[in-house]
Amino acid sequence: REAMFALRRKKGALIEEKKAIRERLDVTRAKADKISNDRKSARSTMRYSNLDDIEKEIQKLQRKQETTSMSLSDEKRIIKEMDALQASKKTVAEIRSKETDLEDTKEQRKAITAELNKKDKEIDAVQKEIEQKEKKLDTLKDKHSNSKETLQKLFDERDAIKKAMDEKHKERNVCRQKFREANNEWYTVQRALKAQRQMQYEEEKKKREEEKAAWLKKKEEEELKKIPYEEEMALCDYLADYLTRTYLTDSKEEKQKAEEEALKKKNADVVSVSEDPFANFKPMNKRSEDTYFSTGKNSKKKGKNRQGKKVKAAPFILNVDSFEQFGLLNLTPPTCVENVEASVAELKAKKKWYSEQPRGSVPTAADIRKANE
């Protein structure tokens, strides 16, 4: 089939070339006809078509003019004929030129005709090939005639499937439209719920802000009822008491006092016994009074141990919280035991200073803590 298309295209191209050649032939033929007509019209006005005949006639008229006596009118007529003969020389030359052009045109017509015949032969050869291909195609068509029926059945099945697909597409479009309507309704409900939640949120937010404002107002009123800088003065008392108990009071005396108070409390709870059989008895110290185990070595060893013991001074320690608390009071914490007493005095003076300050004149510990965050 592709070869057939190629041959038909080739034939079409040859026919176009043939048309162009025929147009050239028509132009050449028209040119030859024009030259022939011009030559005929030129010959119809001339008595002589040969230059020699014209020249002889001119010489004859000149001799007659020179040798014969004639009237003036006859002489003028002879002169006029001689001028016409002289002018006809040019026309004869033009006729000869046209004859030459006519011969050239005839040659061109012959060449174009030969070229046209050649194109006709080429077109005939291509037409023969086309006919051969058409015969082959007809043979193939005959062989595949049964396949047309099969193709038609397939086409019918395809059309039926297309029709079923169109029906399904229509059902899909209906379902899609229902879904869109339901989806739009759902979004409408969602927007309404969102607007309702937003309104509820705004109301709750307004209520929270009102409650917070009331709480802040109540807190401010409670703060106004309190003593100014109560927290800072309590912090001064706490730090002064901590430093006094830790570094300025003897721990042994404190311990002894605590033991005495515990003993008094214990004796107050014990009931006295009358007629005690163990009265005036005291417990025996085995380490010092047992005759079996009190040896010289032990006594020497004990004496040596007492002499070897050395009392070490407790290290000065302040935790990080204490440093921070001193910073809240704008005081410098002590760095050794010797500075503790002075720090206690500064704390007491700071407490007194806070008690003398009006409310809001100096930043509180909470303000300093918030600024440091």
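Look up: the structure comes first, before these words.
How each quantity is defined
Every chain is numbered on its own, with residues counted from 1 as its sequence reads. Per-residue local features of the predicted model are confined to residues with pLDDT of at least 70, and side-chain atom pairs are confined, for both listing and counting, to 80 or more; whole-chain, interface and lining totals are unaffected and use all residues. Water and hydrogen atoms were dropped before computing side-chain values, which therefore reflect all heavy atoms in the structure. By definition, no residue in a patch forms a salt bridge, and every one has over 30% relative accessible area; like charges are joined within 9 Å, nonpolar side chains (Val, Leu, Ile, Met, Phe, Trp, Tyr) within 5 Å. Only the protein chains shown count as cover for residues, with accessible areas throughout obtained via the Shrake-Rupley method and a probe of 1.4 Å. Within this document, salt bridges are pairs made up of a side-chain nitrogen of Lys or Arg and a carboxyl oxygen of Asp or Glu, the two lying within 4 Å of each other. Strands here mean DSSP runs of E at least two residues long; helices mean DSSP runs of H or I at least four residues long; both are numbered from the N terminus. For each residue, the accessible area found with a 1.4 Å probe, counting protein chains only, is set against the maximum for its type, and the residue is called buried under 20%, exposed over 50%, and partly exposed in between. Only rings of Phe, Tyr and Trp enter the pairing, Trp through its six-membered ring, and a pair is recorded when the two centres are within 6.5 Å. The plane angle decides the type: under 30 degrees is stacked, over 60 is edge-to-face, the rest tilted. Distance and angle both matter: a charge sits over a ring if NZ of Lys or CZ of Arg is within 6 Å of the ring centre and within 35 degrees of the ring normal.

### Overview of a nonpolar patch on the surface
The grouping of L151, L154 and F155 at the surface amounts to a nonpolar patch, some 260 Å² of accessible area in total. The topology assignment puts L154 in helix α4 (residues 145-225). Given a relative accessible area of 45%, L154 falls into the partly exposed group.

### Regarding the pattern of salt bridges
Per the counting criterion, the structure on display carries 6 salt bridges. A salt bridge links R158 to D159, with the nearest nitrogen and oxygen atoms 3.8 Å apart. Note on R158: relative accessible area 42%, which makes it partly exposed. For D159, a relative accessible area of 39% gives the class partly exposed. Residues D237 and K351 are paired through a salt bridge, measuring 2.7 Å at the closest nitrogen-oxygen approach. Placement of D237 in helix α5 (residues 230-248) and of K351 in helix α10 (residues 340-356) is noted, with a sequence separation of 114 residues between them. Linked by salt bridges that have partners in common, E17, K119 and E122 make up one network.

### Some thoughts on the environment of E103
As for its position among the elements, E103 is in helix α3 (residues 72-143). For E103, a relative accessible area of 44% corresponds to the partly exposed category. Here the alpha-carbon distance between E103 and A32, two residues 71 residues apart in the chain, equals 8.6 Å.

### A closer look at the packing of aromatic side chains
The final tally for this structure, using the stated rule, is 4 aromatic pairs. Plain terms: the ring middles of W186 and Y187 are 5.0 Å apart, the flat faces sit at 75° to each other, and that makes the pair edge-to-face. These aromatic residues form a ring-pair network of at least three members: Y229, W353 and Y354. Over the face of the ring belonging to W353 we find K350, whose NZ or CZ atom lies 4.4 Å from the ring centre.

### Quick word on unusual backbone geometry
Phi at N330 takes a positive value of approximately 60°, unusual for a residue other than glycine. By the secondary structure assignment, N330 is in the loop between α9 (320-328) and α10.

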